[in-house]
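Structure at a glance
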Amino acid sequence: MMSRLRSLFRPFRKDERGLASVEFALFFPVYISMFFWAAELGIITIKSVMLDHALDVSMRELRLGLMQNPTQETLKQSICNRARIIGNCEDQMMIELQSVSTVTWAMPQTPVTCVNNDEEIQPVVNFDLGRQQELMLVRACIVLPVLFPNMIFGRQLFRDGSGGIGIASISSFVNEPS
């Protein structure tokens with residue numbers, strides 16, 4: 001039986017045609033996966049940097065008193081107008097604003113709260129504008145869709161029920177005296 005199989009494949013043993021095709025078939029999925037991984041990581045990084053910048057500029061306007069009657073919605077609008085690359089920004093963003101005691105320096109122990117796309121009722125977050133010369137901590141979280149959810153990188157991300165990932169940005173400032 002074995003000798004029959006050897007004689008059947010004997011003409012192909014020394015034939016090297018198609019050898020590059022075998023290497024291509026083995027390594028092409030690895031290269032294309034790395035390309036999709038780099039594209040996904042690049043897009044997430046750009047959106048994260050845009051969120052950080054928009055939050056910092058908006059908080060500068062808030063601390064200097066340039067925003068009239070700031071609310072959570074006006075802060076969302078201000079941040080989303082500066083981070084235009086983030087789609088569906090106002091619906092997918094959650095902002096927390098709270099004071100930090102300068103006596104104990106106790107920071108919030110809870111993780112940053114993101115929008116819950118699984119339910120219609122959204123989590124309650126603390127939004128307090130604080131008083132003059134009070135240290136304020138602002139935390140913003142936005143849920144972004146994953147472009148390639150079934151590729152190597154997309155499968156390793158922690159996603160919510162809608163398939164999105166949460167990106168958070170944290171900033172602090174001191175309320176200026178008026």
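Now for a description of the structure that goes with this document. Every chain is numbered on its own, with residues counted from 1 as its sequence reads. Under the rules for a predicted model, residues below a pLDDT of 70 receive no local features and side-chain atom pairs below 80 are neither given nor counted, while totals for whole chains, interfaces and linings still include all residues. Note that the side-chain values use all heavy atoms of the structure and ignore hydrogens as well as water.

Take the sheet that holds strand β1 (residues 93-99) next. As a general point, the strands of a sheet are linked pairwise by backbone hydrogen bonds and lie either parallel or antiparallel. Pairs of strands are assigned from DSSP output, requiring at least two bridges between the strands. Starting at the N terminus, helices and strands are each numbered in turn, a helix being any DSSP run of H or I of at least four residues and a strand any DSSP run of E of at least two. The strand order β1-β2-β3 describes an open sheet built from three strands, whose pairing is antiparallel. Among the strands making up the open sheet, the edge pair consists of β1 and β3 (164-174). Taking each pair of neighbouring strands and ignoring which way they run, the sheet shows an average axis angle of 15°. For strand β2 (residues 135-145) and β3, the ladder comprises eleven bridges, and the chain directions are antiparallel. Note on β3: the bridge partner recorded for Met136 is Phe173. Axis lines are fitted to C-alpha atoms, over the contacting stretch for helices. Their N-to-C directions set the angle, which ranges from 0 to 180 degrees.

So, about the side chain of Arg139. Position of Arg139 among the secondary structure elements: in strand β2. Categorising residues by exposure relies on relative accessible area from a 1.4 Å probe, with only protein chains included: less than 20% of the type maximum marks a residue as buried, more than 50% marks it as exposed, and the intermediate range marks it as partly exposed. Given a relative accessible area of 6%, Arg139 falls into the buried group. Here the side chain of Arg139 touches Thr110 through a polar contact of 2.9 Å, landing on its backbone oxygen. The term polar contact refers here to a pair of N or O atoms within 3.5 Å; inside protein, the definition further demands a hydrogen-donor-capable atom paired with an acceptor-capable atom, and it admits residues adjacent in sequence only when both atoms are side-chain atoms.

In this section: the state of the cysteines. To count as a disulfide, a pair of cysteine sulfur atoms needs to be within 2.5 Å. Applying the stated rule across the entire model yields two disulfides. Each sulfur in the disulfide pair Cys80 and Cys89 lies 2.0 Å from the other. Here the disulfide of Cys80 and Cys89 is left-handed, its torsion about the S-S bond being about -75°. Each member of the pair, Cys80 as well as Cys89, is classed as buried. Disulfide partner of Cys114: Cys141, at an S-S distance of 1.7 Å. Between Cys114 and Cys141, the S-S torsion sits near 65°, and that sign places the bridge as right-handed.

Okay, the pattern of salt bridges next. What counts as a salt bridge is simple: a side-chain nitrogen of Lys or Arg found within 4 Å of a carboxyl oxygen of Asp or Glu. For the coordinates displayed, the defined rule picks out four salt bridges. Of the charged contacts, one joins Glu96 and Arg139 as a salt bridge, the two residues approaching to 3.2 Å between their closest N and O atoms. Of this pair, Glu96 sits in strand β1 while Arg139 sits in strand β2, and the two are 43 residues apart along the sequence. Pair check on accessibility: Glu96 and Arg139 agree, each one buried. Close ionic contact of Arg131 with Glu134 constitutes a salt bridge, the shortest N to O distance being 3.6 Å. By relative accessible area, which is 15% here, Glu134 ends up buried.

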